[in-house]
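# Fold and contact review
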Amino acid sequence: MNNRITLNGTADAQGVDTLRKTHHVNLFRRFILLTVVCSLLPLLAVGWWTYLHYAGFAHTRMIEGFETQLEHHRRVIELFLKEKSAQLHLIAHTHTRAELVNGSTLNDVFDLINREYWTIKDLGVIDARGNHLAYVGPYDLMDKNYAQTFWFTPTMEKGLYISDMFMGFRKVPHFIIAVTRTEGNEKWILRATIDTEAFRSLVENVKIGKTGEVYLLNRQGIYQTSPRFSGKIMSKAGYPVGPIHDGIRIIEGHREGRNRIPRQIVCQTWLAQPRWLLVVRQDFTEALEAVNHANRATLIFLVLSAMMILIVAGFITRHMITIIKKRDAESDQLNQQLIQTSKLASIGELSAGVAHEINNPLAIILTEKQLIQDLAAVDPVTLPELQAQLKDSTQQIDIQVQRCKRITENLLRFSRRTHSLIEPVDVNQFLREVVDLMEREARSGGVRFLTDLKNDLPVILSDPSQLQQVFLNLITNAIDAHDQKGLGTIRIHTRSGGEPGIEVVIADTGIGISSENLNKIFDPFFTTKPVGKGTGLGLSICYSIVRQLGGRITVLSEPGKGSEFTLFLPLRPPREFMDQMAETEPLLERKVAA
Amino acid sequence: MKGSKILLVDDEAVFTANMSKLLSHRGYRVKTAGSGEDAIRILEAEDVDVIVLDLKMPGMDGIATLREIQKLGLFSQTLILTGHGSIDTALEAVKLGAYDYLTKPCEIDELVSKIEGAWEKKGDAEQKDRSAKIQKVIESPSAAFDLFPRKKKIG
């Protein structure tokens, strides 16, 4: 069992330790919480803000993109239709009916129109009664009468008509453009069937991502082109088209009646002529994929940052707690030293008073003894027994008074403020002298000295007489510790201290100090020596002297094996001590002069 | 020196009584005083060679008494006796002009030797003073008028 104390350890140290531990744990939690609140929250706030801002921005851009696309498609379709209408118009007005009906003029015109690329399936001239006057095209439609068809009347009324997709006589989805011309009193119609493939490719070949599609609907909600996914040409769309509106309309969300499909973004606009609804549609997730990607990156960045912060906060906090623990331990030790010092100070005051009070009766006892001796000298006692007893008694009085005086002197030395001189001390040389002084006494007790004095020690400023007292006390104790052992060694070792100063180790192989006594050895009046042998002041004097000189004294002891006292002495005494010295010095000079 | 006149000042009556007997046995003429005030009264009335003064007394303490004694301008030497606890005060007393100090309890022989030392010093001081006065009178006889009435008063 190895006991170590620096000073008086208190009994409730354990309780304090537990308290400290909970305190440290709480502190750790609070630090972490604070760091998290102070750094993670702003980080999250910035992340959230960025997300919102960027998402909004990206969304706007996407919508703008859709609008541009829609606008573009509309223009393409309208241009196509306008161009075809204009061509027919031109033909109708540059040729008379007779010219177109007779000969091969219609054939020539048909070839000319389709020369660049195939856009017109057939071309026909129809009179006001609906009879086919001339026809160019793949079908056999010459004998058809169109008077009852849905487009005949509006064409005759408006002069220009673009039909919806219809099956017609040929049972193939197609649509027609018809223009009228009035020659004299007679109206006639030039009708062209638009090549469905050419027209549909304008719309259907547009591919937007994986889920995007572009299509046309008429006012009844019937597909005018085949959408990529949603349906087939001439079939009815799954949702109502709603009333005609101006400009571009954007709808986000699930299309009514079709809950299972993902959220979509739909961009639509009505064409001017014919009244078809142009729709550009895409799955929301795909449209916003760039945003989602950016968001994922941001999220990963945030999580990484948060983790970094947590880890760093953990490390920093641990480090801080370690520092705090160390500080706490230091302050505990300091507090204990303070308690010890103040305890010694109050005991010092008390003992000075007690010593003084005891000295007075001692002085009287001494004078009484002297009186008896004087009388005995003047008139020798005749009775031999009385004479012997008298001699014995006065001798014993002397011895006991001397013993008391030694106690009071020790008490006073313990309490007294120092009046000695500070001068350079070569500790090694000094220790050698002390060892020389004690060698004889040690040898009679069977104790040998081993000295291990380092040569490179600095010369310190200290009080030689007080140091001598400290060393004498410690060495005397070390010798006394071998009383029951007979043989042993005292090792005296010097070395440079951890901080500027010198360490002196005085280790013995004596009986050691039990752990319960270890706490008390520096207390005044504590002694394990037999009654009359020790005053119990030696170590407390050592302690107060070393403290005054700005040093420390620590003890390490193993019962039965020995004790080791380590003294730390600073290079110079503390300032207060020097100031005190300066006050008392003139007095000392005066005393020397007297 | 036998026949010297000693004044013991201590509030411990037993101590002064015993000490007085011991010193008388050794041939001194001893007077005792139980307080600083008593001591001053005695000193004003008679001439004393050595004063043995305790420092710690109720009422006027040793230092105050010493100051008063100094005011009287005597050649008497003061020996301080202290309970050792008040060693600071003892040193202060020495600074104020006391001859020396002794710590209680002390052997009678120790005290006697210090008293002898004090007595010698008193003799020296008187001698010095006397020579100085004679010197002054020689230099200027009229100074004798200033010197002797005072001497008379003390004597």
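Residues numbered from 1 in each chain as written. Chains lettered and ligands numbered in written order. Predicted model: local features only at pLDDT ≥ 70, side-chain atom pairs only at ≥ 80, totals over all residues.

Residue and element names in this part refer to chain A. The antiparallel open sheet is built from five strands, whose spatial order is S3-S2-S6-S5-S4. The sheet is open, and its two borders are formed by strand S3 (132-136) and strand S4 (160-162), each paired with just one other strand. This sheet shows a mean twist of 15° between the axes of neighbouring strands, independent of strand direction. (Pairing = 2+ DSSP bridges. Helix = DSSP H or I, 4+ residues; strand = E, 2+ residues; numbered from the N terminus. Axes fitted to C-alpha atoms, helices over the stretch in contact; angles between N-to-C directions.)

Before going further, it helps to spend a moment on the nonpolar core. Residues and elements named next belong to chain A. Core analysis: the biggest nonpolar cluster contains 48 residues, and Ala178 and Leu190 have the highest contact counts within it. It is helix H1 (residues 13-94) that contributes the most residues to this core, seven residues altogether. Each of domain 1 (95-198) and domain 2 (206-287) contributes no fewer than three residues to this core. Aside from chain neighbours lying at most four places away, what touches alanine 178 is Trp151, Thr155, Tyr161, Ile189, Leu190 and Arg191. (Core = buried A, V, L, I, M, F, W, Y, C linked by C-beta atoms within 7 Å. Buried ≥ 20, exposed ≤ 12 C-beta atoms within 10 Å, placed from the backbone. Domains from an automatic or database assignment. Contact = placed C-beta atoms within 7 Å.)

It is common to give the size of an interface as the accessible area lost on bringing the parts into contact. Tallying the contact residues gives 22 residues for chain B and 24 residues for chain A. Of all the secondary structure elements, the ones that give two or more residues to the side of chain B that touches chain A are helix H1 (13-25) and helix H4 (87-96) of chain B. Element by element, the count of residues in the side of chain B that touches chain A is highest for H1(B), at seven residues.

Looking now at the confidence of the model for chain B. Residue and element names in this part refer to chain B. A residue-level look at chain B finds 91% of positions with pLDDT of 70 or above and a mean pLDDT of 84. Put simply, helix H6 (residues 143-154) is where chain B has its lowest mean pLDDT, 59, and strand S2 (residues 29-33) is where it has its highest, 93. Across residues 151-155 the pLDDT falls below 50, and counting only partners more than four positions away or on other chains, this stretch makes zero contacts in the model. As scored by the predictor, the complex reaches a pTM of 0.46 and an ipTM of 0.78. (pLDDT = per-residue confidence, 0-100.)

So, on to the pairing of strand S2 (residues 120-127) of chain A. All names here are of chain A. Of all eight residues in S2, six are buried; the element is thus mostly enclosed. Where S2 lies against strand S6 (residues 186-194), seven bridges are found, and the strand directions are antiparallel. Note that in S6 the partner of aspartate 122 across the bridge is threonine 193. As paired strands, S2 and S3 are joined by four bridges and run antiparallel to one another. Considered in S3, the bridge of valine 125 is made with alanine 134. Where S2 folds back on S3, the antiparallel hairpin that results is connected by four residues, among which glycine 130 adopts a positive phi of roughly 100°.

This part is about the sheet that holds strand S8 (residues 248-253) of chain A. Residue and element names in this part refer to chain A. Strand order in the open sheet formed by four strands is S7-S10-S9-S8, with antiparallel pairing between adjacent strands. Every other strand in the sheet has two partners, leaving strand S7 (213-217) and S8 as the edge strands with one partner each. Ignoring which end each strand starts from, the neighbouring axes of this sheet average 20° apart. The pairing of strand S9 (residues 264-270) with strand S10 (residues 277-283) spans seven bridges and is classified as antiparallel. Looking at S10, one finds that threonine 269 is bridged to leucine 278.

Attention now goes to helix H9 (residues 427-444) of chain A. Residue and element names in this part refer to chain A. In a regular helix each residue adds 1.5 Å, so 18 residues correspond to 26 Å; H9 covers 26 Å between its end C-alpha atoms and thus fits that length. Along H9, the helix axis deviates most sharply at methionine 438, where the bend reaches about 45°. Among the residues making up H9, those that are buried are Val427, Leu431 and Ala442. At its buried positions, H9 is contacted by strand S11 (423-425), strand S12 (447-453), strand S13 (460-462), helix H10 (464-480), strand S14 (488-496) and strand S15 (501-508). Downstream of H9 by a residue or two, glycine 446 has a phi angle that is positive, lying close to 80°. (Expected span 1.5 Å × (residues − 1). Bend = angle between axes of the 7 residues up to and from the residue.)

Okay, the packing of H9(A) against H10(A) next. Residues and elements named next belong to chain A. At their nearest, the axes of H9 and H10 sit 10 Å apart, and the two run at 35° to each other. Crossing geometry of H9 relative to H10 is assigned as right-handed. For the pair formed by H9 and H10, the contact residues are Phe430, Leu431, Val434, Met438, Glu441 and Ala442 on the first element and Pro464, Leu467, Gln468, Phe471, Leu472, Ile475 and Ile479 on the second. Taken together, the residues of the contact of H9 with H10 break down into eleven nonpolar, one polar and one charged. (Left-handed = near helix turned anticlockwise from the far one by under 90°. Nonpolar A, V, L, I, M, F, W, Y, C, P; charged D, E, K, R; others polar.)

What follows concerns the packing of H10(A) against helix H12 (residues 538-548) of chain A. Residue and element names in this part refer to chain A. One can describe the packing of H10 onto H12 by two numbers: an axis separation of 9 Å at closest approach and a directional angle of 145°. When you trace H10 past H12, the crossing you get is left-handed. Between H10, through Gln466, Gln469, Val470, Asn473, Leu474 and Asn477, and H12, the contact on the second element is made entirely by Gly538, Leu539, Ile541, Cys542, Ile545 and Val546.

What follows covers the confidence of the model for chain A. All names here are of chain A. When pLDDT is averaged along chain A, the result is 82; 90% of the residues meet or exceed 70. Throughout residues 1-12 the model reports pLDDT below 50, and contacts reaching past four residues in sequence, or to other chains, amount to 21 contacts. A low-confidence stretch, residues 584-594 stays under pLDDT 50, and its non-local contacts, those more than four residues away or across chains, total ten contacts.

Okay, helix H5 (residues 108-139) of chain B next. In a regular helix each residue adds 1.5 Å, so 32 residues correspond to 46 Å; H5(B) covers 46 Å between its end C-alpha atoms and thus fits that length. When H5(B) is considered as a whole, its buried residues turn out to be Ile108(B), Leu111(B), Lys114(B), Ile115(B), Ala118(B) and Trp119(B).

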